[in-house]
Amino acid sequence: MSTPDSPLNETATHTHCPLCGAALDPASQNECPKCDWVLGYRRRETTDAGSVRDRLAVLFSIVPGLGHIYKGHRLLGAILMLGSAFAFSAASLAGFASAGWGLLLMPLYWIGVMLHAYWLEDLAAVKPTP
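Residues numbered from 1 in each chain as written. Predicted model: local features only at pLDDT ≥ 70, side-chain atom pairs only at ≥ 80, totals over all residues. Heavy atoms only, no water.

J.: Where do I start with the pattern of salt bridges in this structure?
T.: Two side chains that carry opposite charge are able to pair once their charged atoms sit near each other. Evaluation of the coordinates by the stated rule reveals two salt bridges. In this structure, the salt-bridge partner of Asp 122 is Arg 53, at a minimum N-O distance of 2.5 Å. One end of the pair, Asp 122, is in the segment after α4 (105-119); the other, Arg 53, is in helix α1 (residues 52-60), and 69 residues separate them in sequence. When its relative accessible area of 13% is taken as the criterion, Asp 122 is described as buried. Here Arg 53 falls in the partly exposed class, since its relative accessible area comes to 25%. (Salt bridge = Lys/Arg side-chain N within 4 Å of Asp/Glu carboxyl O. Helix = DSSP H or I, 4+ residues; strand = E, 2+ residues; numbered from the N terminus. Buried < 20%, exposed > 50% of the residue type's maximum accessible area, 1.4 Å probe, protein only.)

J.: I'm lost on unusual backbone geometry in this one. Help?
T.: Peptide bonds are mostly trans, and most non-glycine residues show a negative phi. For Ala 99, which is not glycine, the phi dihedral falls at a positive 60°. On the accessibility criterion, Ala 99 (73% relative accessible area) is exposed.

J.: Can you walk me through the side chain of His 68 in this structure?
T.: When you line up the elements, His 68 lands in helix α2 (residues 66-70). Among the residues examined, His 68 registers a relative accessible area of 0% and is labelled buried. Beyond its immediate chain neighbours, meaning those up to four positions away, His 68 contacts His 73, Leu 76, Gly 77, Leu 80, Val 113, His 116, Ala 117 and Leu 120. (Contact = heavy atoms within 4.5 Å.)

J.: Explain the packing of helix α3 (residues 74-97) against α4 here, please?
T.: For any two helices packed against each other, the geometry is given by the interaxial angle and the distance between the axes. Two numbers describe how α3 lies on α4: the axes approach to 9 Å, and their chain directions differ by 160°. Compared by their axis directions, α3 and α4 come out roughly antiparallel. In this structure, α3 crosses over α4, and the sense of that crossing is right-handed. Across the interface between the two elements, Leu 76, Leu 80, Gly 83, Ser 84, Ala 87, Phe 88, Ala 91 and Ala 94 of α3 pack against Leu 105, Met 106, Tyr 109, Val 113 and His 116 of α4. Taken together, the residues of the contact of α3 with α4 sort by class into 10 nonpolar, three polar and no charged. (Axes fitted to C-alpha atoms, helices over the stretch in contact; angles between N-to-C directions. Parallel < 35°, antiparallel > 145°, perpendicular 65-115°, else oblique. Left-handed = near helix turned anticlockwise from the far one by under 90°. Nonpolar A, V, L, I, M, F, W, Y, C, P; charged D, E, K, R; others polar.)

Below, the structure is given as structure tokens:
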């Protein structure tokens, strides 16, 4: 039995979408208009150690948002940079209210931003096709 990610489905012609079962248009059997399935799409394997650019994005994310900007997500990086000021003020307020325990929220924010930068699709490394 072949799955949507198996190489056997690369050359097969589809009349129905392998993900949602919707009927495909005979003119374009390579994509589904209902669920946005595209022939040849591959999920990123979770077993890989990540590229050098992924690791650099984590390193740059010491300043929250800079790793996202490095990977080509400028708007999201700017939002995370502005959000870090709000996160720091919220963690400080929570720290005052909880005898310092609320300050542990800031490292959680940093770790979350770093992990997101690591797993985010790298738009800057994609070469445009002519």
